[in-house]
Amino acid sequence: KGLENHTIGSGFVLLGFSDHSSLQGLCFAVFLAIYLMVLTGNSLIALITVVDSSLHSPMYFFLRNLSILEICYTSVTLPKMLVGFLMADGRISFLGCAAQLYFLVLLGIIECLLLAAMAYDRYVAICDPLHYTFIMSRGLCISMVVGSWVVVIPVQIGQTYQVFTLPFCASHDLHHFFCDVPPLLELACADTFWNQVMLYTIVMVFAILPFSLIVISYIKIINAILKIPSILGRHKAFSTCSSHLGVVTLFYGSATVVYFKRRSRDSVYTDKYLALFYTVVTPMFNPVIYSLRNKEVRIALKRLL
């Protein structure tokens, strides 16, 4: 009991860039710029998909939800990181760490499900265009988004509770920029076998399974595109998918390495920088990817600006 009280009272220390203390000012400026880019870019995408009637389709409905999700996702970690750079203080309370872990993983899982829904939307649009309007009804799109939240919330409550009921009797220094499951489990002085089982089960069900559905969708999409007789038609069909494919590659590429690569003392630094990639860099590039690769988005942005 006393040990648990000590853990709750003392919290954790996010080491982040602490081994490069001379770069704290530069890191603050860089990550502040990134955060402002994430907020501005994703807000613009969300805004134009609401105000521009030409973008009132399932594809842009999902894109709007993805943009809002990215704003929330980065807001879980970046403000705390900025304060840490500014104050040269990486301390985070026990409850603050639990809240950060809960929302970080919750929003990350929802992004996996949303990317799968977007892949299904592109599959129907290209492989079954005659029934697209009937299949991708507004009711189905809303159900997909709401269902993602409803399914994931209780699961993540369970995982967060399981992690934070562990005794953290060793060092409270987290070699990370934010509270995440793998580095927290390394600090626990109890058997974490069932925590590892739950972690990998969640990753398999809510990350690998959606990714498998995305891969299957794109295999069918590519087969359908190759059957289009004209080069212009093939290019137009692929251009509607390339933005989504780019985002999926960025997000899943770094996240998969972090959660499935065997962690070691030497890989701690690699893992935390890879985690920065899918939590900070990918949300920053999403609006850029969609605005550069999508003609309709570019035209809508010009009309708005």
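Keep in mind that what you see is a predicted model, and the values were worked out from it rather than measured. (Residues numbered from 1 in each chain as written. Predicted model: local features only at pLDDT ≥ 70, side-chain atom pairs only at ≥ 80, totals over all residues. Heavy atoms only, no water.)

## A few points about the nonpolar core
Here is step 1 of the chain: Formed by 91 residues in total, the largest nonpolar core has its most connected members in Phe12, Phe31, Phe62, Leu115, Phe164, Phe168 and Leu184.
Here is step 2 of the chain: With 21 residues, the single largest contributor to this core is helix 4 (residues 94-127).
Here is step 3 of the chain: Residues in contact with Phe12, not counting those within four places in the same chain, are Gly90, Arg91, Ile92, Phe94, Cys97, Phe164, Phe168, His172, Leu174, Leu184 and Leu187. (Core = buried A, V, L, I, M, F, W, Y, C linked by side-chain atoms within 4.5 Å. Buried < 20%, exposed > 50% of the residue type's maximum accessible area, 1.4 Å probe, protein only. Helix = DSSP H or I, 4+ residues; strand = E, 2+ residues; numbered from the N terminus. Contact = heavy atoms within 4.5 Å.)

## Quick look at a positive patch on the surface
Here is step 1 of the chain: The grouping of Lys236, Arg293, Lys295, Arg298 and Lys302 at the surface amounts to a positive patch.
Here is step 2 of the chain: Tallying contributions element by element places helix 11 (residues 295-304) first for the positive patch, with three residues.
Here is step 3 of the chain: Examined against the element boundaries, Lys295 turns out to sit in helix 11.
Here is step 4 of the chain: With relative accessibility at 58%, the residue Lys295 sits in the exposed group. (Patch = residues over 30% accessible without salt bridge, like charges linked within 9 Å, V, L, I, M, F, W, Y side chains within 5 Å. Areas by Shrake-Rupley, 256 points an atom, 1.4 Å probe, with all protein chains shown as cover. Salt bridge = Lys/Arg side-chain N within 4 Å of Asp/Glu carboxyl O. Lys, Arg positive; Asp, Glu negative; His and termini not counted. Charge placed at Lys NZ, Arg CZ, Asp CG, Glu CD.)

## So, helix 6 (residues 138-164)
Here is step 1 of the chain: With 27 residues, helix 6 ought to run about 39 Å at 1.5 Å a step, and its terminal C-alpha atoms sit 39 Å apart, in line with that.
Here is step 2 of the chain: Along its length, helix 6 reaches its greatest deviation from straightness, about 30 degrees, at Val152, and the proline Pro154 lies no more than four positions downstream.
Here is step 3 of the chain: When helix 6 is considered as a whole, its buried residues turn out to be Cys141, Val145, Ser148, Val152, Gln156, Gln159, Thr160, Val163 and Phe164.
Here is step 4 of the chain: The elements touched by buried residues of helix 6 are strand 1 (12-14), helix 3 (58-87), helix 4, helix 7 (181-187) and helix 8 (193-226). (Expected span 1.5 Å × (residues − 1). Bend = angle between axes of the 7 residues up to and from the residue.)

## Remarks on helix 4
For the α-helix, the turn length of 3.6 residues means that residues three or four positions removed from each other point alike.
Here is step 1 of the chain: Between its first and last C-alpha, helix 4 extends 49 Å over 34 residues, near the 50 Å set by a 1.5 Å rise per residue.
Here is step 2 of the chain: Of all the 34 residues making up helix 4, 26 are buried; the element is thus mostly covered by neighbouring parts of the structure.

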